[in-house]
Amino acid sequence: MKTLIVYAHPEPKSLNGSLKDLAVSTLERAGHEVRVSDLYAMNWKAVVDAADYGPDASSPLKVALDSGRAFDAGTLTPDVLAEQEKLLWADTIIFQFPLWWYTMPAILKGWVDRVFTYHFAYGVGEHSDTKYGERFGEGTLAGRKALLSVTAGGPESHYAPRGINGPIDDLLFPIHHGILYYPGIEVLPPFVLYGTDRMTGEDYSNVAKAWEQRLLTLESTEPIAFRRQNFGDYEIPSLHLKEGLEPAGSTGFGLHVRS
């Protein structure tokens, strides 16, 4: 298995840093190839601008169209091209990050904004009466799996179905479904650690064992059963879920997961 770890935390000695290091050592000991994109160490540029697209940038800038034109022409900046190459190389992508203000750190969102260009991660495939492009189960990155490894400062009860922060599955849905599944990546259930601001060294011993177990079972873990866009569950072009397919009592994000 070839694994890319995209790591986003400014402190190498943090819990996130330890989990990243443990992932590298565990997977390599098991015979897997591992590459790491350490975004802070790379001084990753988080903002999209005309410089990303070189001679293919228009004025005024049109981010989607310009990014697609630069991708097609091979004129994206070298840092973006390198990350796209890593994604195409990988069988599995692990995203290691803290949950900050209910989402990923800005540097990681900036990685997505710049790397997931038009004609690479979206804007691909046939648009017709029966297909609405290759996305949500199809796409450039189909055949790969991804896992979010996330740390949260608050206790688990705050992220429960009746918790004040909202269910963790709902908080992660925009990443799971909207960023990863959209270009075709199968999404594994996340590895979430709660109450990390109060974690002790003794706690970490148990966390490390649980993390190692998840890492060693990546290939056998079933992905979240998101519905595929072009395979009969949705009306096209409205992309509304067809009547009668929803599980009883299911609404919102839950509609898009097969029971």
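Here is what the cut-offs are and how they apply
Residues numbered from 1 in each chain as written. Predicted model: local features only at pLDDT ≥ 70, side-chain atom pairs only at ≥ 80, totals over all residues. Heavy atoms only, no water. Helix = DSSP H or I, 4+ residues; strand = E, 2+ residues; numbered from the N terminus. Rg over C-alpha atoms; globule rule 2.2 N^0.38 Å. Buried < 20%, exposed > 50% of the residue type's maximum accessible area, 1.4 Å probe, protein only. Areas by Shrake-Rupley, 256 points an atom, 1.4 Å probe, with all protein chains shown as cover. Lys, Arg positive; Asp, Glu negative; His and termini not counted. Charge placed at Lys NZ, Arg CZ, Asp CG, Glu CD. UniProt positions renumbered as here; feature names shortened; annotations may be inferred. Axes fitted to C-alpha atoms, helices over the stretch in contact; angles between N-to-C directions. Parallel < 35°, antiparallel > 145°, perpendicular 65-115°, else oblique. Contact = heavy atoms within 4.5 Å.

Labelled according to an unreviewed UniProt entry, the chain appears under the name NAD(P)H-dependent oxidoreductase, originating from Streptomyces camelliae.

Let us look at the overall build of the chain. Across its full length, the chain holds seven helices and six strands. Counting helices and strands in the order they occur from the N terminus, the chain gives β-α-β-α-α-β-α-β-α-β-β-α-α. In terms of overall size, the chain behaves like a compact globule, its C-alpha atoms giving a radius of gyration of 19 Å where 259 residues would be expected to give roughly 18 Å. By its C-alpha atoms, the chain is 55 × 50 × 35 Å across when sized along the principal axes. Residue burial in the chain is summarised as follows: out of 259 residues, 46% are buried. Accessible surface computed for the chain: about 12600 Å², of which carbon and sulfur atoms make up 54%. The positive charge centre, built from 23 side chains, and the negative charge centre, built from 33, are 1 Å apart in the chain.

The subject of this paragraph is the UniProt feature "domain: Flavodoxin-like fold" (unreviewed entry) in the chain. Per the UniProt annotation, the sites labelled "domain: Flavodoxin-like fold" (unreviewed entry) are residues 1-215. As annotated, residues 1-215 comprises 36% helix and 14% strand, and the C-alpha atoms at either end are separated by 11 Å.

Their axes nearest at 10 Å, the elements helix α3 (residues 78-89) and helix α4 (residues 106-115) cross at an angle of 90°. By the criterion of interaxial angle, the relationship of α3 to α4 is roughly perpendicular. For the pair α3 and α4, the contacting residues are Asp-79, Val-80, Glu-83, Gln-84 and Leu-87 in the first and Trp-111, Arg-114 and Val-115 in the second.

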